[in-house]
Amino acid sequence: MSNDDNNGSRDRRRSDGEDDAEDASPDREERTMPEGSQDGEEPDGNEQTDDDDPWRSPGSTIEETLAGNGESPGETFDEDIDEQPAGGDEQLSDTHGENEEPTIDDLGSDVEIDAEIEDDPDPEDLLGGLKIDSTEEINIPERLVDQVIGQEHARDVIIKAAKQRRHVMMIGAPGTGKSMLAKAMSELLPKEELQDVLVYHNPDDGNKPKVRTVPAGKGEQIVQAHKEEARKRNQMRSFLMWIIIIVVLGYALIIAGQILLGILAAGIIYIAFKYASRGSDAMVPNLLVNNADTKTAPFRDATGAHAGALLGDVRHDPFQSGGMETPSHDRVEAGAIHKANKGVLFVDEINTLDIRSQQHLMTAIQEGEFGITGQSERSSGAMVQTEPVPTDFIMIAAGNLDAMENMHPALRNRIKGYGYEVYMEETIEDTPEMRRKYARFVAQEITKDGRLPEFTDDAIREIILESKRRAGRKNHLSLHFRTLGGLVRVAGDIARGEDAEMTTRQHVLAAKDRSRSIEQQLADDYIERRKDYEIQVAEGYVVGRVNGLAVMGEDSGIMLPVMAEVAPSQGPGDVIATGQLKEMAQESVSNVSAIIKKFSDVNISEKDIHIQFIQAGQQGVDGDSASITVAAAVISALEEVGVDQSLAMTGSLSVRGDVLPVGGVTHKIEAAAKSGCDRVIIPESNKQDVMIEDEYEEMIEIIPVSHISEVLDVALEGEPEKDSLVDRLKNITGSALNEGASVAGPSSPSPQ
Ligand SMILES: Nc1ncnc2c1ncn2[C@@H]1O[C@H](COP(=O)(O)OP(=O)(O)OP(=O)(O)O)[C@@H](O)[C@H]1O
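Residues numbered from 1 in each chain as written. Predicted model: local features only at pLDDT ≥ 70, side-chain atom pairs only at ≥ 80, totals over all residues. Heavy atoms only, no water.

- In the annotation of an unreviewed UniProt entry, the entry for the chain reads Archaeal Lon protease, and the organism field reads Halalkaliarchaeum desulfuricum.
- Word for word, the UniProt comment on the chain under Subunit (unreviewed entry) is "Homohexamer. Organized in a ring with a central cavity." (UniProt positions renumbered as here; feature names shortened; annotations may be inferred.)

Quick look at the structure:
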């Protein structure tokens, strides 16, 4: 990765000692990251020297060498090959070769940041006591596993699984480090075990190519040797052919005097020789998997791969006869399962793989080998079936909770039976040490991108503050690193666009605005448009209308007014709600009706309750947290008491009237403020999750509540009615209210 001179970046030292020598070079202008660690790319081709050629000894033909006693060709080649450092079978039995077996401690212990730290950091310091002026002073650990921040459990599992060669299923939100951990695992696996795979022509049955494995690096040598052999043989044949042609032509011209006949004979001889020489080309094996230059065990991402890319394929041959055909072993292509042999196969969104592929994947996991055949039934490749090709990989399956439900149960069973399941964390406790790691995260992302100007200390602070906000939980930091990394990149790009030497706090603030999610942009647009059409009411009192709040996507609040109308029913009463939120409305009404039955003389079962979520038609609005809103709207309509429109609310409701915690309070409060509300009701148990931006703090009063009676107390109009209504409610559900604190928080927070 090269540095742009304009961006003010300078060298960042890798934190392991061995790089110090490199750094001593005054000319070194490059920042370094572990090679291939971030993108999982395979290194470039091998550079073979003549000295390495094991085929120097003349005399022995390859066919003779291969004929051996049916062993792997790697073991029957001449001694030079076995002396190659790539390692023979004895070495393979030693899991970690010459390297000392890594212990969980040395691999997994949290790597402290390599920069100056204050002895006793101020708890308020967003940098956790880091004494730095910019990200430039933060060094990045060499190994990817040490770059992973948080996800302690997942990291420990990955390390253990790497040692024990176990499969892992990682379930969790996108961008929390699943594929990063999978790549990190491939770095931990022993490289000494790697193998090359060759496919040979089968003289007995051309459609059943033979497969041989050899230690990594030897495959290329073998192919080269075969090519050389074939070339020599062809040379000999050519020489012989020209001699014969000259003799025939000479005879025809000088002795027989039949020049035309001579030319014809020479032509036939030429064609016959060319045809015969094709056979020796067909003997050159196809190097299916080449690990010659692989620096770490392979990492293969087979996310969304079609069957051929995953399981291997045999190309179609348009010329299947007449001497024009390509030998079938030459048409064989390896799949990700074969290329991942002795490494890691990563499949994200595992449930999106078709069932047939999942079944084949299971076989490959179970058997440790999988033959290759043409995936298209109508292609000539479907006739070909190779001998089994090794597929001894560690499978890392990933996805969100849906993935787990929809994946093939037997495949999940295989992973569970032979490995671990991990749920990825979404937030982590906010400690000075963690803040320092977040500062390192900024440095990591800058290095990974390679073009961003370094971040000043204030810019880093703003990123850490944003991760606190995004966590949605007091004293926690968000582990949604992909989106946080997106913010780092946008801020850096803005700075770069301005030719700034450093990325400053102002750039981060501008980036926050610019990198708003689609949902945020849509939410802001909605708020503006509603103001235009006066759908939004933020003053006065209205019967049966309550300003609810919801979140769109992960990070965008929106005001979602709810209207309720109660009318006598002809038959048994019904809850009538429109749109996607119907189920939620019915659930909220059934919760509130249990309370209403207790305090009201009105027989709710004889009424039709109509509920409307105003303009909640757009995708993505999750209204689960609107249950106190629906309850308040229904009670207001039932009792015909107005609701304060300068108030918005969010909260889930239990059958006993307890207000339960919900998600996204910070974004909801901001949306209420943007919509012009003066006050907002939130569940008491969400109080510590509020992380609103400074600008909104002055605009809105936050009222935490733990019971529906408190909601009504704040929301309903007028004294006499309100008092009687609320008093009745309090009397009847008093016990619940008194127990409120203990009752309100037990259930898991509703998702939104
Ligand atoms: N725990 C982490 N520590 C440091 N950086 C992280 C972490 N998690 C994610 N990142 C950063 O975010 C990027 C994206 O993460 P990654 O691809 O691993 O997410 P993922 O969980 O696999 O997401 P998806 O399921 O969408 O593929 C990484 O390349 C890395 O830069």
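A short note on the overall build of the chain
Reasoning step 1: Looking only at helices and strands, one finds 29 helices and 24 strands in the chain.
Reasoning step 2: Residue pairs in contact within the chain that sit at least 24 positions apart in sequence constitute 75% of those at least 6 positions apart.
Reasoning step 3: For the chain, the computed accessible surface area is about 34700 Å², with 48% contributed by carbon and sulfur atoms. (Helix = DSSP H or I, 4+ residues; strand = E, 2+ residues; numbered from the N terminus. Contact = heavy atoms within 4.5 Å. Areas by Shrake-Rupley, 256 points an atom, 1.4 Å probe, with all protein chains shown as cover.)

Considering the sheet that holds strand β10 (residues 419–423)
Reasoning step 1: Spatially, the five strands line up as an open sheet ordered β5-β8-β9-β1-β10, and their pairing is parallel. The two strands at the open ends of the sheet, each matched to only one other strand, are β5 (299–301) and β10. Pairs of neighbouring strands in the sheet enclose a mean axial angle of 15°, with direction left out of account.
Reasoning step 2: Note that strand β1 (residues 167–171) and strand β9 (residues 394–399) share four bridges and pair parallel. Note that in β9 the partner of I171 across the bridge is G399.
Reasoning step 3: Relative to the sheet, helix α8 (residues 152–164) contacts β1, β9 and β10, its axis offset from that of β10 by approximately 165°. (Pairing = 2+ DSSP bridges. Axes fitted to C-alpha atoms, helices over the stretch in contact; angles between N-to-C directions.)

A closer look at the side chain of H476
Reasoning step 1: Within the fold, H476 resides in strand β12 (residues 476–478).
Reasoning step 2: According to the relative accessible area criterion, H476 is buried, its value standing at 15%.
Reasoning step 3: Non-local contacts of H476, meaning those with residues more than four positions away in its chain, are made with T427, I428, E429, D430, S467, K468 and A471. (Buried < 20%, exposed > 50% of the residue type's maximum accessible area, 1.4 Å probe, protein only.)

Remarks on the pairing of strand β14 (residues 545–552)
Reasoning step 1: Across the eight residues that make up β14, a large majority, eight, are buried.
Reasoning step 2: What you see with β14 is no split at all: R545, N547, L549 and V551 on one side and V546, G548, A550 and M552 on the other are buried throughout.
Reasoning step 3: Bridge analysis of β14 against strand β15 (residues 556–568) gives eight bridges, and the strand direction is antiparallel. Residue pairing for β15: M552 is matched across the bridge by S556.
Reasoning step 4: Two strands pair when backbone bridges link them, and β14 and strand β20 (residues 647–649) are joined in this way by two bridges, in the parallel orientation. Bridge pairing links N547 to A648 in β20.

Here we look at the site of the ligand
Reasoning step 1: The environment of the ligand is made up of 16 residues, and the closest members are G175, S179, D348, E445 and K448.
Reasoning step 2: At 2.8 Å, a backbone N or O of I149 approaches a nitrogen atom of the ligand.
Reasoning step 3: E445 is positioned with one of its side-chain polar atoms (N or O) 2.6 Å from an oxygen atom of the ligand.
Reasoning step 4: Here the ligand, which alone exposes 620 Å², has 89% of that area covered by the protein.
Reasoning step 5: Where the shell around the ligand is concerned, the elements lending two or more residues are α9 (178–188), α17 (432–449) and α19 (481–497).
Reasoning step 6: Residues that form the shell around the ligand fall into these classes: six nonpolar, five polar and five charged.
Reasoning step 7: Taken domain by domain, the shell around the ligand gets at least three of its residues from each of domain 1 (1–32 + 116–143 + 433–515) and domain 2 (62–113 + 151–216 + 287–424). (Near = heavy atom within 4 Å. Polar contact = N/O pair within 3.5 Å; in protein donor to acceptor, adjacent residues only side chain to side chain. Nonpolar A, V, L, I, M, F, W, Y, C, P; charged D, E, K, R; others polar. Domains from an automatic or database assignment.)

With respect to the pattern of salt bridges
Any two side chains of opposite charge can pair, so long as their charged atoms come close to each other.
Reasoning step 1: Applying the stated criterion across every chain, the model contains 27 salt bridges.
Reasoning step 2: The closest approach of N and O atoms between K208 and D205, which form a salt bridge, is 3.6 Å.
Reasoning step 3: Linking E466 and R469 is a salt bridge whose minimum nitrogen-to-oxygen distance equals 3.4 Å. With a gap of three residues between them, E466 and R469 both fall in helix α18 (residues 457–471), about one helical turn apart. Exposure class is identical for E466 and R469. Each is buried. (Salt bridge = Lys/Arg side-chain N within 4 Å of Asp/Glu carboxyl O.)

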